[in-house]
Each structure stands twice: as C-alpha cells, then as structure tokens.
Amino acid sequence: MKKINTFSKILLLSAVIILSAFCLFGCGGTEEENALEDMALLDVIDKIYEIAPVELSIYSDNMDVTDPDTMSYNAGLTNLNNVKEAAVSEPMMSSQAYSMVLVRANDESATSNIANEMKAGINPAKWVCVAADDLQIVSYRDVILLFMVSSDLSETVTSQEIIDAFQQVCGGAELVSY
C-alpha cells in the first residue's frame with residue numbers, strides 16, 4: 001500500500017509540474033511583447049537612423065497632433081481623434097523629396113484606419129519642384145510609419161531600407177503593409 005501512495009504522489013507531482021510549465025510557457029508565450037511600448041517616437045526615429053544612416057541634413061521633431069494643417073501636410077490626416085502622438089523627420093532643405101512620419105494611435109484597434117487615411121491623404125508632391133515616388137506605409141501594433149522619398153535619392157536611401165530598419169527596431173516582428 002505504501003508503494004502505491006508514493007507512486008501516486010510522484011505521478012501527481014509530475015502532473016502539477018507539467019501543467020505549471022504549460023501555463024507559464026504555453027499560455028504566457030502567446031502574448032507578444034510590444035517593442036515600442038515605452039519608446040517616444042523621436043527615439044524610434046533615432047534607432048531607425050542608427051540602423052539605416054541617411055546622408056542628408058535631417059531634422060526630426062514632434063508634431064502638434066491638434067494642428068490639422070501640420071497633420072494634413074506631413075501625415076495626410078484630417079481626422080485626429082485617434083492620434084496620440086506624431087513625429088516627422090525631413091531634410092533641412094525642402095528641395096529634397098524625403099519624409100519619415102511616425103504616428104501612434106490612441107488604441108491599437110485604430111491603427112488600420114489611421115494608416116489607410118494616411119495613404120489616401122498624403123501628398124507625395126508636397127515639396128517645391130520635387131516629388132516622392134517611393135512610398136511605403138507600415139504599422140507595428142499602435143505605431144504607423146509613413147516613409148516617402150524620391151528615387152533620385154536611391155543611392156542615399158530607399159523606402160525598403162527604412163522599413164527594414166523599422167522592423168529591426170520592432171524586434172523583427174511582422175509589419176502590416178498598407
């Protein structure tokens with residue numbers, strides 16, 4: 001009888017360990033960590049440039065998400081209700097068609113709507129005498145990246161180089177393209 005109790009205890013203890021491991025690693029592993037959660041958008045831009053340096057005189061700044069003119073010109077957005085923050089990075093000379101815009105949604109569920117509005121509303125010819133013809137919009141969770149550049153600058157930078165760098169900043173996570 002004593003052998004059966006010892007065997008039962010070992011079996012029960014093994015089952016508890018296996019179930020605990022499943023709950024810790026199986027259940028907990030399904031939620032992907034948000035690599036950008038605690039990063040300001042200007043820090044994201046800096047990290048992108050660390051990975052993909054650009055040989056242009058660039059400035060980066062936060063945008064006033066309550067200013068409809070600024071948001072429309074830089075991000076193509078007129079509906080600002082779901083925008084939490086935004087940042088832009090552009091050349092100091094306006095004769096170069098180059099623009100990186102990051103927008104953070106108030107809620108991850110609004111990301112797709114914001115990205116689609118950006119795609120429909122952005123003007124790739126917003127500069128004097130130049131236009132961007134290499135444009136991509138991608139998102140990771142609640143952050144949308146719009147990048148556009150003239151193919152005349154392709155030896156300096158392409159949209160794919162910036163998208164690839166953004167993906168690295170996001171921890172290699174899959175991006176959504178628009």
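Residues numbered from 1 in each chain as written. Predicted model: local features only at pLDDT ≥ 70, side-chain atom pairs only at ≥ 80, totals over all residues. Heavy atoms only, no water.

**Student:** Could you give an account of the packing of helix H2 (residues 41-51) against helix H5 (residues 159-169), with specific residues and numbers?
**Tutor:** Here H2 crosses H5 at 115 degrees, and the two axes come no closer than 9 Å. The way H2 lies across H5 gives a crossing that is right-handed. Contact residues: H2 offers Val44, Lys47, Ile48 and Ile51, while H5 offers Ile162, Ala165, Phe166, Gln168 and Val169. Of the residues belonging to the contact of H2 with H5, the class tally is seven nonpolar, one polar and one charged. (Axes fitted to C-alpha atoms, helices over the stretch in contact; angles between N-to-C directions. Helix = DSSP H or I, 4+ residues; strand = E, 2+ residues; numbered from the N terminus. Left-handed = near helix turned anticlockwise from the far one by under 90°. Contact = heavy atoms within 4.5 Å. Nonpolar A, V, L, I, M, F, W, Y, C, P; charged D, E, K, R; others polar.)

**Student:** How would you explain the sheet that holds strand E5 (residues 143-149) if you had to name every residue and give the values?
**Tutor:** Read across the sheet, six strands follow the order E1-E2-E3-E5-E4-E6 without closing on themselves; strand pairing throughout is antiparallel. Each edge of the open sheet is held by one strand with a lone partner, namely strand E1 (58-62) and strand E6 (176-177). As paired strands, strand E2 (residues 83-91) and strand E3 (residues 98-105) are joined by six bridges and run antiparallel to one another. Across the sheet, the residue bridging to Ser89 is Met100, located in E3. (Pairing = 2+ DSSP bridges.)

**Student:** I'd like to hear about the packing of aromatic side chains, residue by residue, with values.
**Tutor:** Enumeration over the complete set of coordinates arrives at one aromatic pair. Aromatic pair Tyr98 and Phe147: ring centres 5.0 Å apart, planes at 85 degrees, arrangement edge-to-face. In this pair, Tyr98 is assigned in strand E3 and Phe147 in strand E5, connecting sequence segments 49 residues apart. Like Phe147, Tyr98 is buried. (Phe/Tyr/Trp six-rings, centres within 6.5 Å; stacked < 30°, edge-to-face > 60°. Buried < 20%, exposed > 50% of the residue type's maximum accessible area, 1.4 Å probe, protein only.)

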